[in-house]
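What the coordinates show
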Amino acid sequence: MAFIRFVDRPTFRNPWAEFERIRQGLDELSRSYGEKGKNQPANVYPPLNMYEEPDRLLITAELPGVRVEDLSLSIDGETLNLQGKRDNHQSEPGISYHRREIESGSFSRAIGLPVKVDNERVAAKLNNGVLTITLMKASAVTPRQINVSAE
Amino acid sequence: MSAQELKIQDKKPVQPNQESTKTETCFAPHVDIFETDAEVVVLADVPGVTPEDIELSLEENILTIAAQRQPPKHMGRLILEEYETGHYLRRFTVAETIDQDQIAARLVDGVLRVSLPKVAPTQPKKIEIKIG
């Protein structure tokens, strides 16, 4: 969809028009660079995927072995905080390991949300090791359908 | 709280034996394998699968853990992707003699725990030698 701003109209006898054009070009460039943020490995555990729907944001994370009671979520303005731990220590005595690839430890991650969300309407569920957080967008940023009436 | 910070572990893609017609990604789940006097236990991280989607088999000392991950429901536009999802597949050769009928598996919080009970060792038979 072409998005035409008010300032995009041709401006006659505007000495700054050329600068405006350059600025728009730079905006365009930074926007297309932002698209490259997809499929980039995270450097903080846990890796997250984020999906956007017209009225909500969905964030998913794979957290195998993390119990619900060991996970804590909080939202502060436009920052979502995710904390928890995984304890994979075996209590049985006299065991010998063949392979050890699963780690134990704690994690803490904060993520800035791309849009304003309604802090009162946040839902999270942990199902088979996958965390899904649903954040409803604040009503100000939810797109609204405008009905066109004929006279 | 554990002192250690969890780090991101890379998912290792694996090739199934046969090439599939669909291009599907398959990952090798991270595992812990340990042994007690009575059993061998395999723990595997398989987040996102249900017990019905897991296939476990032990044939000729090869333990196969395969799990089909259902594709995620359509959840709108992807705006951040830091991990990929896919099926799980991993095979191990089990050296110990396992009591095939007693194998048990549980799935808790996305972690599969397979217990493979060892067969009780048979008493070595002593052969007496008579002096004739």
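Each value, and the rule that gives it
Residues numbered from 1 in each chain as written. Chains lettered and ligands numbered in written order. Predicted model: local features only at pLDDT ≥ 70, side-chain atom pairs only at ≥ 80, totals over all residues. Heavy atoms only, no water. Helix = DSSP H or I, 4+ residues; strand = E, 2+ residues; numbered from the N terminus. Buried < 20%, exposed > 50% of the residue type's maximum accessible area, 1.4 Å probe, protein only. Contact = heavy atoms within 4.5 Å. Areas by Shrake-Rupley, 256 points an atom, 1.4 Å probe, with all protein chains shown as cover. Buried area = accessible area lost by both parts, 1.4 Å probe. Salt bridge = Lys/Arg side-chain N within 4 Å of Asp/Glu carboxyl O. Polar contact = N/O pair within 3.5 Å; in protein donor to acceptor, adjacent residues only side chain to side chain. Nonpolar A, V, L, I, M, F, W, Y, C, P; charged D, E, K, R; others polar. Pairing = 2+ DSSP bridges. Phe/Tyr/Trp six-rings, centres within 6.5 Å; stacked < 30°, edge-to-face > 60°. Lys NZ or Arg CZ within 6 Å of the ring centre and 35° of its normal. Axes fitted to C-alpha atoms, helices over the stretch in contact; angles between N-to-C directions. 1 Å grid on protein atoms, 1.4 Å probe; cavity = no way out; pocket = protein on both sides within 12 Å on 5 of 7 lines; lining within 4 Å. Points joined across faces, edges and corners; volume = space filled by probe spheres on them. Core = buried A, V, L, I, M, F, W, Y, C linked by side-chain atoms within 4.5 Å.

Concerning the overall build of chain B
A tally of helices and strands in chain B yields zero helices and 10 strands. Each of the 132 residues in chain B was classed as buried or not, and the buried ones make up 39%. Counting only contacts in chain B whose residues sit at least 6 apart along the sequence, the fraction spanning at least 24 positions is 53%. In the structure as shown, chain B presents an accessible area of about 8,900 Å², 50% of it carried by carbon and sulfur atoms.

A look at the overall build of chain A
Helices and strands together make up the secondary structure of chain A, namely one helix and eight strands. Secondary structure elements of chain A, listed N to C terminal, follow the sequence α-β-β-β-β-β-β-β-β. When each of the 151 residues of chain A is scored for burial, the buried share is 30%. Pairs at least 24 residues apart make up 51% of the contacts formed inside chain A by residues separated by at least 6 positions. When the accessible surface of chain A is split by element, carbon and sulfur atoms take 52% of a total near 10,500 Å².

Remarks on the interface of chain B and chain A
Contact residues are listed per partner, giving 45 residues for chain B and 53 residues for chain A. Regarding the contact of chain B and chain A, the summed buried area is about 4,600 Å², with carbon and sulfur atoms giving 51% of it. Three residues stand out in chain B for area buried against chain A, namely L6(B), E82(B) and Y83(B), and they jointly supply 17% of the buried area on that side. A salt bridge links D45(B) to R86(A); the shortest N-O distance between them is 2.8 Å. At the junction of chain B with chain A, the criterion picks out 26 residue pairs in polar contact (both at pLDDT 80 or more). A breakdown of the residues in the side of chain B that touches chain A according to their chemical character gives 19 nonpolar, 11 polar and 15 charged. When strand β5 (residues 96-100) of chain A meets strand β3 (residues 31-35) of chain B, the two strands line up antiparallel, connected through four bridges. Residue Y97(A) lies in a different strand from β3(B), and its bridge partner there is F34(B).

Details of the packing of aromatic side chains
Residue and element names in this part refer to chain A. Within the structure shown, the criterion is met by two aromatic pairs over all chains. For the ring pair Y45 and F107, a centre distance of 5.3 Å and an interplane angle of 65° mean the geometry is edge-to-face. Of the two residues, Y45 sits in the loop between α1 (17-34) and β1 (48-52) while F107 sits in strand β6 (residues 105-112), which places them 62 residues apart along the sequence. A single burial state applies to Y45 and to F107, both of which are buried. The positively charged end of R100 is found above the aromatic ring belonging to Y97, 4.0 Å away from the centroid.

A look at the sheet that holds β6(A)
Two pairing modes exist for strands in a sheet, parallel and antiparallel, and in both the strands are linked by backbone hydrogen bonds. All names here are of chain A. Taken in spatial order, the three strands of this open sheet run β3-β4-β6, and their pairing is antiparallel. Each of the sheet's edge strands pairs with one partner strand only, and the pair in question is β3 (71-76) and β6. Averaged over neighbouring strand pairs, the angle between their axes works out to 10° when direction is ignored. Direction of pairing for β3 relative to strand β4 (residues 79-86): antiparallel, over a ladder of six bridges. The partner of S74 across the bridge, within β4, is N81.

Overview of the layout of surface pockets
Here the largest pocket defines a volume of roughly 670 Å³. Forming the walls of the largest pocket are 27 residues, and the residues nearest its centre are V130(A), T132(A), P72(B), K73(B) and M75(B). It is strand β7 (residues 117-127) of chain A that contributes the most residues to the lining of the largest pocket, four residues altogether.

Observations concerning the nonpolar core
The biggest cluster of nonpolar side chains holds 21 residues, and the ones touching the most others in it are I59(A), L63(A), F107(A) and L135(A). Mapped onto this core, the elements with two or more residues apiece are β1, β2 (56-62), β4, β6 and β8 (130-137) of chain A. In this structure, L135(A) is in contact with R56(A), L57(A), I59(A), I75(A), L80(A), L113(A), V117(A), R121(A) and V122(A), ignoring residues within four places of it in sequence. Judged by nonpolar contacts, the second largest core, of 20 residues, contains V31(B), I33(B), I65(B) and Y88(B).

What to know about the pattern of salt bridges
All names here are of chain A. Counted by the stated rule, this structure contains 17 salt bridges over all chains. Note that E18 and R21 form a salt bridge whose closest N and O atoms lie 3.1 Å from each other. Here E18 pairs with R21, and both are found in helix α1, just three residues apart, close to one helical turn. Residue R21 is classed as exposed on the basis of its relative accessible area, which comes to 52%. In this structure, a network of salt bridges that share partners links the residues E20, R23 and D27.

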